[in-house]
Amino acid sequence: MKKNLLTFLAISLLTVQISAQTAGFFQPVPEKAIALRDGLARSVFPEKYQTFHLDYTGIKTALQSAPQEFTAAAKAKICIISLPLADGTTDEFSVWQTAIMEPELAARHPYIRTFAGESLRTPGRTVRLSHTARGFRAMVLQPDLGVVYIDPYVVGMDEYCIVYDRADLPQDKTRKPG
């Protein structure tokens, strides 16, 4: 009993510590304040969107603490990440690491990391996240079958991202992978 209580307290303390570290990764920034580097161009042009400054190093560091899926730690919701949504609100997600590559391939490409999660506020809202050499991305799957994307504003500038709803993509263009 004492061991279970100590384990519970340790996980609770770790959850509070990790949650406190994840606040503030996304800060709204006016699009006109984003100066594109030479040779870089946007590839996603939704009709409505928001732009954010992303603490890319910070979110990558926080995600390193995400437990592996299907573990007790994943069920304990110890890694909480707050993400902006297309409607201007934010939501908190319990996040865990997912293994989508064979172990040998993953070892050769340690810069590719994938995660999944679920909303702590909205039942049925889930998220898939990744960070790679091409930046941070997230796809929030809504209970009403809508999808919110968080993509690099421009591939090659990890410090800015764009948040938009799939419904706001022009009908004649598809979302191009960046």
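Only a predicted model underlies this, so the values are computations on that prediction, with no experimental measurement involved.

A word on the overall build of the protein
Then step 1. In terms of helices and strands, the protein carries 4 helices and 9 strands.
Then step 2. Considering the protein as a whole, with its 178 residues, one finds that 39% of them fall into the buried category.
Then step 3. Sequence separation of at least 24 residues holds for 52% of the intrachain contacts in the protein that already meet a minimum separation of 6.
Then step 4. Summed over all atoms, the accessible surface of the protein reaches about 10300 Å², with 58% contributed by carbon and sulfur.

Looking at the sheet that holds strand S5 (residues 113-119)
Then step 1. Spatially, the 9 strands line up as an open sheet ordered S1-S2-S9-S8-S7-S6-S5-S4-S3, and their pairing is antiparallel. Each end of this open sheet is capped by a strand with a single partner; those strands are strand S1 (26-28) and strand S3 (80-84). When the angles between neighbouring strand axes are averaged without regard to direction, this sheet yields 30°.
Then step 2. Both strand S8 (residues 147-152) and strand S9 (residues 160-165) contribute to a ladder of 5 bridges, which runs antiparallel. For Asp-151, the partnering residue across the bridge sits in S9 and is Ile-162.

Topic: the pairing of strand S4 (residues 90-98)
Then step 1. Of all 9 residues in S4, 7 are buried; the element is thus mostly enclosed.
Then step 2. Judged from the 5 bridges that link them, S3 and S4 form a sheet pairing that is antiparallel. Bridging from a neighbouring strand, Ser-82 pairs with Glu-92 of S4.
Then step 3. Between the end of S3 and the start of S4, which pair antiparallel, lie 5 residues, with Gly-88 showing a positive phi angle near 95°.
Then step 4. Bridge analysis of S4 against S5 gives 6 bridges, and the strand direction is antiparallel. Bridge pairing links Ser-94 to Glu-118 in S5.

As for the packing of aromatic side chains
Then step 1. Summed over all chains, the structure comprises 3 aromatic pairs.
Then step 2. A centroid spacing of 6.3 Å and a plane angle of 90° characterise the contact between Phe-26 and Phe-52, whose relative ring orientation is edge-to-face. Pair noted here: Phe-26 is in strand S1 and Phe-52 is in strand S2 (residues 50-54), with a separation of 26 residues, a long-range link.
Then step 3. For Phe-26, a relative accessible area of 10% puts it in the buried group.
Then step 4. Given the relative accessible area of 6%, Phe-52 is considered buried.
Then step 5. Taken together, the ring pairs in this structure connect Phe-26, Phe-52 and Phe-136 into an aromatic cluster.

Calculation notes
- Residues numbered from 1 in each chain as written.
- Predicted model: local features only at pLDDT ≥ 70, side-chain atom pairs only at ≥ 80, totals over all residues.
- Heavy atoms only, no water.
- Helix = DSSP H or I, 4+ residues; strand = E, 2+ residues; numbered from the N terminus.
- Buried < 20%, exposed > 50% of the residue type's maximum accessible area, 1.4 Å probe, protein only.
- Contact = heavy atoms within 4.5 Å.
- Areas by Shrake-Rupley, 256 points an atom, 1.4 Å probe, with all protein chains shown as cover.
- Pairing = 2+ DSSP bridges.
- Axes fitted to C-alpha atoms, helices over the stretch in contact; angles between N-to-C directions.
- Phe/Tyr/Trp six-rings, centres within 6.5 Å; stacked < 30°, edge-to-face > 60°.

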